[in-house]
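Tertiary structure, described
Residue strings, one per chain:
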Amino acid sequence: MIVIKHLETRDSKQSSSELDLLIEMELHGRLTNQEAIEEMKKNGLQVQEVSSTIAPSVQPKFIEPGTNEEEKKTWSVIYKTLRELHLKYACQEFLDNFEELERHCGYSENNIPQLEDISRFLKAKTGFRVRPVAGYLSARDFLAGLAFRVFFCTQYVRHSANPFYTPEPDTVHELMGHMALFADPDFAQFSQEIGLASLGASEEDLSKLATLYFFSIEFGLSCDSHADKLDSRLKYKVYGAGLLSSAEELRHAIEGSPSIYRFDPDRVVEQECLITTFQSAYFYTRNFEEAQSKLRYLCLFDV
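Quick look at the structure, then. (Residues numbered from 1 in each chain as written. Predicted model: local features only at pLDDT ≥ 70, side-chain atom pairs only at ≥ 80, totals over all residues. Heavy atoms only, no water.)

**Side note on the nonpolar core**
We apply this condition: Take the buried Ala, Val, Leu, Ile, Met, Phe, Trp, Tyr and Cys residues and link them wherever side-chain atoms come within 4.5 Å; each set so joined is a nonpolar core. For each residue, the accessible area found with a 1.4 Å probe, counting protein chains only, is set against the maximum for its type, and the residue is called buried under 20%, exposed over 50%, and partly exposed in between. Residue contacts follow a heavy-atom distance rule, with two residues in contact if any of their heavy atoms lie within 4.5 Å.
Counting 76 residues, the largest nonpolar core has F94, Y107, L122, M179 and L221 as the members making the most contacts within it. Excluding residues within four positions of it along the chain, L122 makes contact with G127, F128, V130, M179, F182 and A183.

Quick look at the structure:
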């Protein structure tokens, strides 16, 4: 059985007088990819490119973080520092949803929230689920998960020797940076749209999409129109999870002197994504809605 999950038209890359049709399908039973393609051809569709993805499990086995005293102490130090910085620099959407995590998921300085509780909360709020993974995933695998409203989450806490920065995603990054906005319905829908756009993307387009995701969802800034006009740095608010989960890079981005540019997608895709050190440049929009609008437009028409 074939189930159509998503359907959209795009301007054809072959002809200006034609449209390309992107179809996301789920195959059930013993039907193979090739059999599904043959079935579509029988119904008059010309199949140009096929991308296969296995839907993530909806019943993951959680190995909860925070099982030893060192991890709990590390979490406590990070939590206290980040919450002070969040109140100064985080965007309002993040702050509002983080308060809900504190009320309903056990977020506090003295308690590491459990992934299973968070997953259950997000499922009820926006349909998103948390699925544990052992480490870093490829861009294609990670973005494909978003298409199914699944967020891949690591399960280890960074080393206590350097609690305020880590080059790799860890539980602190996921819980303190990402989860609050996955509780926001508009952000959840936006994230799924990026994932859906990645399913049929070429390697070149996927790389551009991943870079745009990196400099918005991970390291994006918005412009605060109510900020003190005498201090230009205070006009920026943060929604990027990579910044909101790293006290050192958050200070570097807002209190330091990195290059900050307007979010122009053509400029952004040329920027190098730095993994093992602070970013040399960041990008801002007028507000969170503008970032959503620009990325949605690119996902629907350019990628």
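Having put the structure on the table, let's press on.
**Notes on the sheet that holds strand 5 (residues 220–223)**
Note the cut-off: For two strands to pair, DSSP has to find at least two bridges joining them. Runs of E in the DSSP output that reach at least two residues are strands. Runs of H or I that reach at least four are helices, and both are numbered from the N terminus. Only the contacting stretch of a helix is used when fitting its axis, a line to C-alpha atoms as for every element, and angles between N-to-C directions run 0 to 180 degrees.
Taken together, the four strands give an open sheet; going across it, the order is 6-5-8-7, and neighbouring strands pair in mixed fashion. On the outer flanks of this sheet lie strand 6 (236–238) and strand 7 (259–262), each paired with one strand and no other. Averaged over all adjacent pairs, the angle separating strand axes in this sheet is 40 degrees, with direction ignored. By the bridge criterion, three bridges tie strand 5 to strand 6 in an arrangement that is antiparallel. Across the sheet, L221 pairs through a bridge with V238, a residue of strand 6.

**Overview of the environment of T126**
Keep this limit in mind: The term polar contact refers here to a pair of N or O atoms within 3.5 Å; inside protein, the definition further demands a hydrogen-donor-capable atom paired with an acceptor-capable atom, and it admits residues adjacent in sequence only when both atoms are side-chain atoms.
With respect to the helices, strands and loops of the structure, T126 is situated in helix 4 (residues 115–126). Taking relative accessible area as the criterion, T126 reaches 9% and is therefore assigned buried. Separated by 56 residues in sequence, T126 and F182 have C-alpha atoms that sit 7.3 Å apart. If near-sequence neighbours (up to four positions away) are discounted, T126 is found in contact with R149, F182, A183, D184, P185 and A188. Only 2.8 Å separates the side chain of T126 from the backbone oxygen of F182, close enough to count as a polar contact.

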